[in-house]
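Okay, here's what each chain looks like letter by letter:
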Amino acid sequence: MDLRLLPSFLAVVEEQHFGRAAARLFLTPPAVTQHIRRLESELGTPLLHRNPVRPTAAGARLAEHARALLAAADAAVEDVHEVVRRDRERTTRPLRIGIMGHGSAEITPAAVNAYRRARPETPVEVIQLNFTEHVTALVEGRVDLAFIRPMPDDDRLVGDVLLTEQRIVVVPESDRLADARTEGVHVADLADLPIFRVPDHTPSIFKDYLYFHNEAARRGRSVALFPQEVLTGVLTGHGAGSGLRSFARYYNWPGAVFVPVLDAPLESSHLAARAGDTDPEVAIFRALATTLARELAPRINAMPLP
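Being a predicted model, the structure only gives us computed values, none of them experimental. (Residues numbered from 1 in each chain as written. Predicted model: local features only at pLDDT ≥ 70, side-chain atom pairs only at ≥ 80, totals over all residues. Heavy atoms only, no water.)

**Student:** How should I be thinking about the packing of aromatic side chains in this particular structure?
**Tutor:** Within a pair of aromatic rings, the relevant descriptors are the distance that separates the centres and the angle that separates the planes. A full pass over the atoms with the stated rule returns 6 aromatic pairs. Judged by centre distance (5.4 Å) and plane angle (40 degrees), the ring pair of F206 and Y209 falls under tilted. With F206 and Y209 both in helix α7 (residues 204-210), this residue pair falls 3 residues apart, about one helical turn. One exposure class covers both F206 and Y209, and it is buried. (Phe/Tyr/Trp six-rings, centres within 6.5 Å; stacked < 30°, edge-to-face > 60°. Helix = DSSP H or I, 4+ residues; strand = E, 2+ residues; numbered from the N terminus. Buried < 20%, exposed > 50% of the residue type's maximum accessible area, 1.4 Å probe, protein only.)

Next comes the structure, spelled out in structure tokens:
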């Protein structure tokens, strides 16, 4: 059955007049009459009584089906157009990658550059995240992927472990712990260390990480949202910082001393995404990052502290 004939049939059924149906469809009455005859020929039965114009029993049944068929055809066209719109948006909208601090050390730029080589048609936007945005940047749709640490316990997110490292603290050269930069310290030695504060809405898992699971005993007075603020505060006597071992290479500022914490649990940086995200570009980036992590992580962990 040619679906293009059905609008003429339905118009005649609803208008009960060939002329009015033709005017409604911006067709001539002979054209509408021809459409009805073709339908009747295809189905092998009269569909309309001509005087007065009304559907036959077969025509009444076809009218029910015709409305459903045309609605289904419209829905199919709209669905296809929606796919085309999404494809166009995907080709023009960049893949937005959030990076907290230095991300996962050398793995982060390696993954971004590998993706750019693999998918040159998709632009990449890199967005710097602060210490509070583990969850919000993703669930609010501001980024598609995020290099964060540690991974929040949140069902809205999924994550891949990229790099697991030793913990360090950063203090000024004048601090008593600076002399232990070679041999390292223990968590018990940090009891009075004024580690920077973070805002109250920071995920609790990051606070536990930052203060070695003993927040009350070691919080300083100053607040920091970015690693640069931590380093500036350390060098101006406003507090101390804590981080992962690779932090020392990326923020090796003169006057800052990085001291390994020997008995602190190892911590990981992750690549996080929204749970259930079906964007193929997200999947491609995650696959590239995890592959690179397997290759680079042993070399990164073997690098000495500066």
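On we go from here.
**Student:** Is there a simple way to explain empty space enclosed by the protein in this structure?
**Tutor:** To locate leftover empty space, one rolls a probe as large as a water molecule over the atoms. In total, this model carries 1 cavity of 30 Å³ or more according to the counting rule given. In this structure, the largest cavity spans a volume of roughly 130 Å³. Taken together, 19 residues make up the lining of the largest cavity; nearest its centre are F131, L210, V230, G241 and S242. Counted by class, the lining of the largest cavity contains 14 nonpolar, 3 polar and 2 charged residues. (1 Å grid on protein atoms, 1.4 Å probe; cavity = no way out; pocket = protein on both sides within 12 Å on 5 of 7 lines; lining within 4 Å. Points joined across faces, edges and corners; volume = space filled by probe spheres on them. Nonpolar A, V, L, I, M, F, W, Y, C, P; charged D, E, K, R; others polar.)

**Student:** How should the sheet that holds strand β3 (residues 95-100) be read in this particular structure?
**Tutor:** Strand pairing in a sheet is mediated by backbone hydrogen bonds. Such pairs are either parallel or antiparallel. With mixed pairing, the 5 strands of this open sheet are ordered in space as β4-β3-β5-β12-β6. The open sheet has two free edges, formed respectively by β4 (124-129) and β6 (157-165), since each of these has just one partner strand. Each strand axis lies, on average, 20 degrees off the axis of its neighbour in the sheet, ignoring direction. In this structure, β3 lies alongside β4, joined through 6 bridges in parallel fashion. When the bridges of β4 are listed, M100 appears paired with L129. Helix α11 (residues 280-301) rests against β3, β5 (145-148), β6 and β12 (267-274) of the sheet, and its axis sits at about 15 degrees to β6. (Pairing = 2+ DSSP bridges. Axes fitted to C-alpha atoms, helices over the stretch in contact; angles between N-to-C directions. Contact = heavy atoms within 4.5 Å.)

**Student:** What should I look at first to understand helix α9 (residues 227-235) in this one?
**Tutor:** It helps to recall that an α-helix has 3.6 residues per turn; residues three or four apart then point in one direction. P227, V230, L231, G233 and V234 are the residues of α9 that are buried. One face of α9 carries all of its buried residues, which in axial projection span an arc of 165 degrees. Elements that come into contact with the buried residues of α9 comprise β7 (167-172), β8 (195-197), β10 (241-244), α10 (247-250) and β11 (256-260). G237, located one to two residues past α9, shows a positive phi value of around 75 degrees. (Arc of directions from axis to C-beta.)

**Student:** Help me understand helix α1 (residues 6-15) in this model?
**Tutor:** When you tally the buried positions in α1, you get 7 out of 10 residues, the bulk of the element. Within the span of α1, buried status applies to L6, S8, F9, L10, A11, V12 and V13. Of the residues trailing α1, Q16 is marked for its positive phi of about 55 degrees.

**Student:** Sorry if this is basic, but what is going on with unusual backbone geometry here?
**Tutor:** What you tend to see is this: most non-glycine residues have negative phi, and most peptide bonds are trans. Between N51 and the following residue, P52, the backbone shows a cis peptide bond with an omega angle of 0 degrees. Looking at the element boundaries, P52 is found in the loop between β1 (48-50) and β2 (53-55). The omega torsion across R149 and P150 is -20 degrees, close enough to zero to call that bond cis. When you line up the elements, P150 lands in the loop between β5 and β6. One non-glycine residue, Q16, lies in the positive phi region at around 55 degrees. Mapped onto the secondary structure, Q16 falls in the loop between α1 and α2 (18-25). The partly exposed category is assigned to Q16, whose relative accessible area is 49%.

**Student:** Before we go on, may I ask you to explain the environment of I36 in this structure?
**Tutor:** By the element assignment, I36 lies in helix α3 (residues 29-43). Distance in space between the C-alpha atoms of I36 and L62 is 12 Å, their sequence separation being 26 residues. Sequence-distant contacts of I36, that is, excluding residues within four places in its chain, are made with S8, F9, V12, F18, L48 and R50.

**Student:** What is the right way to read the sheet that holds β11 from this model?
**Tutor:** Spatially, β10-β7-β11 is the arrangement adopted by the 3 strands of the open sheet, whose pairing is antiparallel. Edge positions in the sheet fall to β10 and β11, since each of these pairs with one other strand and no more. Taking each pair of neighbouring strands and ignoring which way they run, the sheet shows an average axis angle of 30 degrees. In the packing of α9 onto the sheet, contacts are made with β7, β10 and β11, and the angle to β7 comes to roughly 45 degrees.

The values reported here are purely geometric and, on their own, carry no functional implication.
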